[in-house]
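Residue-level structural notes
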Amino acid sequence: MSATAFVAAASARNGGLRRFASQEALLAVAVIGLAIVVGFINPRFLAARNLSDLLLGNAYIAIAAVGMSMVIISGNIDISVGALIGVLATLSGSMAVAGIPTVLCWLTPLIFGLSVMAAQGAVVAYLRIPAIVVTLGMMSILKGGLISVTGGRWITDLPQDFHLADRNIYGVPMPVAIMVVATALAALWMRYSAAGRAIYATGGNAEAARLCGVNPQRTVVMVFALHGLFAGIAALVYATQLRVIQSTTPPGLELTVITASVVGGVSILGGVGTVVGSTLAAILIAEITSALVFINVSPYWTDAVRGALILATVIADIVRRQRRAARGWKR
Amino acid sequence: MSLAAMKPARPLPRWLARHETLLAAILIVALIALGSFNEVFLTPDNLLNQGRFMTETGLIALPMTFVIITGGIDLSVGAIVGLCAIMLGYSWKTFGFPLPLAIIFALGVGALAGFMNGLVITRLKVPPLIMTIATLALYRGLAEGVSQAHSVRGYPDWFYFLGQGSVFGVPTQLLILIVLIIAAGVALDRTTFGRTLYAIGANETAARFSALSVDRTKLIIYTLSGLASGLAAFVLVSRVTTTRMDMGMGYELDVIAAVVLGGTSIFGGSGTIWGTVIGLVMIQLLKNGLALTGVKGDATIVVIGGALILSVLIASSLQRRRE
Amino acid sequence: MSDRMASASVPLLQLRDIEKTFPGVRALSEVSFDVRAGEVHALLGENGAGKSTLIKIVSGVYQPDSGVILIDGREAHFATPEDAKRAGVATIYQELLLFPELTVAENIFLGHAPRGRLGRIDWTAMRANAEELLASLDIDDLASDMIVGSLPVGNRQRVEILRALSHDARILIMDEPTAALTESDVMRLFDIVRRLKARGVAVVYISHRLDEIFAIADRVTVLRDGAYVGAREVAETSAAELVQMMVGRRIENLFPKTAVPIGGPVLEARDLVRRPMTKKVSFAVRRGEIVGLAGLVGSGRSELAQTIFGVTPAESGEIRLLGETVKIDSPESARAKGIAYVPEDRGVQGLVRAMSVLHNFSLAALNGLSRWGFIDRSAERRMAEEGVERFSVRTSSVDEIAGRLSGGNQQKIVLGKWLANNPRLLILDEPTRGIDVGAKAEIHRLMGELAAGGVAILMISSELPEVLGMSDRVLVMREGRLVAEFDRARATSEAVGAAMMGSEPHVEKAA
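Residues numbered from 1 in each chain as written. Chains lettered and ligands numbered in written order. Predicted model: local features only at pLDDT ≥ 70, side-chain atom pairs only at ≥ 80, totals over all residues.

Regarding the overall build of chain C
Counting secondary structure elements, chain C contains 19 helices and 22 strands. Counting only C-alpha atoms, chain C reaches 80 × 50 × 50 Å along its principal axes. Here chain C holds 511 residues, and 49% of them are scored as buried. Taking the contacts inside chain C whose residues are at least 6 apart along the sequence as the reference set, 68% of them involve residues at least 24 apart. (Helix = DSSP H or I, 4+ residues; strand = E, 2+ residues; numbered from the N terminus. Buried ≥ 20, exposed ≤ 12 C-beta atoms within 10 Å, placed from the backbone. Contact = placed C-beta atoms within 7 Å.)

Structural data, given as structure tokens:
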């Protein structure tokens, strides 16, 4: 087993429980705590219907955040995911309406998402173009491409069996099941596998990683590819919940996904964070959005809250890292 | 990279081989080509109109050039445009400011937003990319929250002079842009400030050790970026007669594309205002050309996105070949 | 049997005539080195002497341009770090390569954990093995379950050593291992090294701390400017000899020192403190005087200079310039007060290599060259051309890219850029390092001229002949403190060298 393989496995075992438990525990406490507080102010918030809608409707964000977290942990960023999800959802819906077998409608977004993102990853890794520029350009290409091809047309009359998200599996609604499984698989993979650990190594201490046998370029391409896969799954969950698919990019989606990752403990400088954290954070953010409505704050303030959250988290993280560096960890 | 082993300079005169000259040549060719395809294109009316449309992006592209030369980036400009547009309308309609004061207030908000960016970047050493993604979210959110999605209309007639009027046949905002282009170009090329920008981008450590005021300069450029966004907001509102909260969305793409297309390296240390202007004109041309051939507005961002990636690719492979 | 006896006399690791050149720099020229099993062989040299390049070659990170590496007498080629590891070479770098989220046991067995069924990792066996290793070195304050990120640096280093051992390293390279350690950690480190020796491990110990070398090493090899200077048995040499080998260059024609009238103090520093490297330093530099600041690598000289220059402002203490107390909180305020600093690392700190000679020359003097912010280009060009003339900078034109010039010419530009400001205090940090003889002499001549013109000069240098030849007074720093001062007459290489290493007669108070 290679050095990196190892690092992966190890961290999972106890490193996770000990050190990261703090961030994830904090988030779990926040989720529950907020629910209690808001429930106190407006008991209708705690209605089963509301909570389940919240979870079901936002599970796709958590799924996308799994991939985004991987990208950020590897030391990169992606702002094209929102546009990509819009494209994939439209693609899937259009295929369904065109009569293509349902399973293909489900699989195609996964493959397409993976390919598009992998291509971006390759450009970033091998051509050394900063990820922000590549993904900014790609975002525009996807966004504009979507509108010009579809004209913003609404896709209606989706066949009944398209709606994967409406199904239950062992009594658990699909979106939630997929979210939990995706998070769990990703978390385990990132801890126990060489490739997964390579992501942390590349983002955290690239030189050390190289000396341990990690190939940073291949790792970056892989990370983007996985991110594309998860974006595809997210698009699937998103699209199959809707009766009508608007062929547009859900506005601000990439920012929400990035916020979920960052608030979930992923350091924007790379090398640190977990997908469990980002899933919990995604739930928290969805909760905050809903809570604002129930305590009578205008929904137009949610984006400001989200923005303040990400700003505060990022600044706190960077200041904390600098203090740690000054105390002499790295050198 | 073997500096010592570089080939001696080729016999071509230096100005001819410069990136900007190349671009200008392409620009002229493109102008002629588009002009021959479409007879409306090369009319002064159309060209001036294009100049009008390109001003908002152009205003922001000037300080963005400064920012990218220092190796930084500012992704929050579009959000600041939205925020300032809202503040303009809101302070006038809701706070009851007299309109001129509202305008100044809006500009002030823009400058403050940029200043906040600069402050955190220089004092807390948060990387510009990260800070401005976060403020992108925050400022846009504030714009939405403050406006509650209400638009503001009904400005007095004189207000529209900036966005829709002309002076001696030249659109007002274009004149302002031209003046600022010259000012920015001169500042970059001939002042201590400009030299400091290049030094920061090429080697920030050496710049500090040479007693250049690195932090103060950075603070200035981010503040200018915010201020320019505010000014762009003013021009925009004046041109389209309403204030909406989604104004400025996507501006960062156009602006960064213009700067990068114009030859400024995304890694910092090089670039000129003239290059940015050419980049700006090319992008506007592209949009105009596409529109005239019947392509709808939304599709143009596909082309801009592609142009951005392509120009960075070309620039970086040329860079690599030079090494 | 006889095989083993034969191999006992064959060094475990041998390097012969190793050459390595990077663009523009000849890092190693004909360097030979060998180390036997059970021996501690120290590698000594200044910054830039080539030690780290040599280590990287032995660990497989770089490949030599020419020369051979022999393991057990057989030629070896390390194309990758893995090859070196497999041959039994383990390196412990200054920047520890540990993963903070993992435990001690996990870090030790990084990459080669004991496997159980189905190839899965056998965690229990791993923990047991780790405990064994800890016991073998008598380390009782580490448990295999501790998270490395929470450990202090001394313990972390021990984890790295154990990791090397877990690979059955036969050759252990330690790069400046005591740089961040406390006294007691250092003692424990030595204890471990001795145990390793007893086990037959060959230890390559890189350090510039002579007292440690005398405490732990059997042999020592000195490198200087990428070349092999010599090797000695530690028992048969002295600190003075080693210092001489490390820093003494052939005494070239240093410009003869002319007597210059020395005036009143220009700089007076009192009790300057700046963590972590400047600990209550007080000294003065007078008009026309050249004060040499000697000391070993890591003694805090550059840090002191940068505190005076405002890059890392003093936390407490006082600085007076020409009698007036000033507060220097940035390089700009330092420059405004007439202080100039020519940095040690000219590529990173001194020059903007991508810019032209012209622009580099004016970089520190832009305020003086501009009115209302507008740079007077013709004045700028004139200044650069005069500078090129005055300092004999060899360049085809002032528009040439500075990065293309040779080291000596680059240094002259950095110097010239600061002199354009007519400073009152000039701080030079290793002004002639890595420069050819001719350029060196020119710089020395220049220093003499400046001193004659009334400039106060503080010269940091690791070349004793330069320090002794140029200075009116010599100050010696060690570990952040000023430990000795000599006037020109009493400054001899023995006295200064002794003070640098800490074996001088006068007793200094403990921290």
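Continuing now.
Regarding the overall build of chain A
A tally of regular secondary structure across chain A gives twelve helices and four strands. Residues counted as buried form 56% of the 331 residues belonging to chain A. Here the analysis covers contacts within chain A between residues at least 6 apart in sequence; of these, 80% occur between residues at least 24 apart.

Focus: the interface of chain B and chain C
Contacts between the two partners involve 22 residues from chain B and, on the opposite side, 27 residues from chain C. Residue assignment for the side of chain B that touches chain C shows that the elements contributing at least two residues are helix H9 (192-202) and helix H10 (204-209) of chain B. Considering each element in turn, the side of chain B that touches chain C owes the most residues, six residues, to H9(B). When grouped by side-chain class, the residues that make up the side of chain B that touches chain C number eleven nonpolar, eight polar and three charged. (Nonpolar A, V, L, I, M, F, W, Y, C, P; charged D, E, K, R; others polar.)

Notes on the pairing of strand E8 (residues 202-206) of chain C
Residues and elements named next belong to chain C. A large share of E8 lies buried, amounting to five of its five residues. For strand E3 (residues 40-44) and E8, the ladder comprises four bridges, and the chain directions are parallel. The residue of E8 that forms the bridge with Leu43 is Ile206. For strand E7 (residues 171-175) and E8, the ladder comprises five bridges, and the chain directions are parallel. What sits directly across from Met174, in E8, is Tyr205. (Pairing = 2+ DSSP bridges.)

Concerning the nonpolar core
A general tendency of soluble globular proteins is for nonpolar side chains to be buried together. Formed by 359 residues in total, the largest nonpolar core has its most connected members in Ile63(A), Ala64(A), Ile427(C) and Ile457(C). By residue number, the principal contributor to this core is helix H9 (residues 216-239) of chain A, which donates 17 residues. In this structure, Ala64(A) is in contact with Val81(A), Ile85(A), Phe230(A), Ala231(A), Ala234(A) and Val257(A), ignoring residues within four places of it in sequence. (Core = buried A, V, L, I, M, F, W, Y, C linked by C-beta atoms within 7 Å.)

Section: the interface of chain A and chain B
The partner chain B presents 35 residues to the 37 residues of chain A that form the contact. At the level of elements, helix H5 (131-150), helix H10 (253-263) and helix H12 (302-326) of chain A are the ones that each hand at least two residues to the side of chain A that touches chain B. In terms of residue count, the dominant contributor to the side of chain A that touches chain B is H5(A) (14 residues). Split into classes, the residues belonging to the side of chain A that touches chain B amount to 24 nonpolar, nine polar and four charged.

Brief notes about the sheet that holds strand E11 (residues 265-274) of chain C
All names here are of chain C. Ordered by their spatial adjacency, four strands build an open sheet running E12-E11-E14-E15, and the pairing between neighbours is antiparallel. Of all strands in the sheet, those with a lone pairing partner are strand E12 (278-286) and strand E15 (324-326), marking the two edges. Taken pair by pair, the neighbouring strands of this sheet meet at an average axis angle of 20 degrees, ignoring direction. The sheet contact formed by E11 and strand E14 (residues 316-321) spans five bridges and is antiparallel. Residue pairing across strands places Leu267 opposite Leu321, the latter belonging to E14. (Axes fitted to C-alpha atoms, helices over the stretch in contact; angles between N-to-C directions.)

Topic: the domain arrangement of chain C
When the parts come together, some accessible area is lost, and that loss is often what is quoted as the size of the interface. All names here are of chain C. You can read the domains of chain C as domain 1 (2-247), domain 2 (252-338 + 423-511) and domain 3 (350-422). Just the C-alpha atoms count here: the centres of domain 2 and domain 3 sit 25 Å apart. With ten residues of domain 2 at the contact, the number on the domain 3 side is ten residues. Looking at the side of domain 2 that touches domain 3, its residues break down into six nonpolar, one polar and three charged. (Domains from an automatic or database assignment.)

Some details on the pairing of E12(C)
Inspection of the sheet shows E11(C) paired to E12(C) by seven bridges, in the antiparallel sense. Within E12(C), the residue paired with Val273(C) across the bridge is Lys279(C).

Quick notes on helix H4 (residues 102-126) of chain A
Within an α-helix, residues lying three or four positions from one another point in the same direction, as the helix has 3.6 residues per turn. Residues and elements named next belong to chain A. Here H4 spans 37 Å end to end across 25 residues, near enough to the 36 Å set by a 1.5 Å rise per residue. Taken together, the buried positions of H4 are Cys105, Pro109, Gly113, Leu114, Val116, Met117, Gln120, Gly121, Val123, Val124 and Ala125. Packed against the buried residues of H4 are helix H3 (81-97), H5 and H9. Positive phi shows up at Arg128, right after H4, with a value of about 55 degrees. (Expected span 1.5 Å × (residues − 1).)

Section: the packing of H3(A) against H4(A)
All names here are of chain A. Taken N-terminus to C-terminus, the directions of H3 and H4 make an angle of 155 degrees; their axes are 9 Å apart at the nearest point. Classified by the angle their axes make, H3 and H4 are roughly antiparallel. For the element pair H3 and H4, the recorded crossing hand is right-handed. Residues Leu84, Leu88, Leu91, Ser92, Met95 and Ala96 of H3 pack against Thr102, Leu104, Cys105, Trp106, Thr108, Pro109, Phe112, Gly113 and Val116 of H4. Counted by class, the contact of H3 with H4 contains eleven nonpolar, four polar and no charged residues. (Parallel < 35°, antiparallel > 145°, perpendicular 65-115°, else oblique. Left-handed = near helix turned anticlockwise from the far one by under 90°.)

Some details on the sheet that holds strand E19 (residues 425-429) of chain C
Residues and elements named next belong to chain C. Across the sheet, six strands lie side by side as E16-E19-E20-E13-E21-E22; this open sheet has mixed pairing. Pairing within the sheet leaves two strands with one partner each, and these edge strands are strand E16 (339-342) and strand E22 (481-487). Sheet twist, expressed as the average angle between the axes of neighbouring strands with direction ignored, equals 20 degrees. Pairing between E16 and E19: four bridges, direction parallel. In the sheet register, Ala340 faces E19, and the bridge partner there is Leu426.

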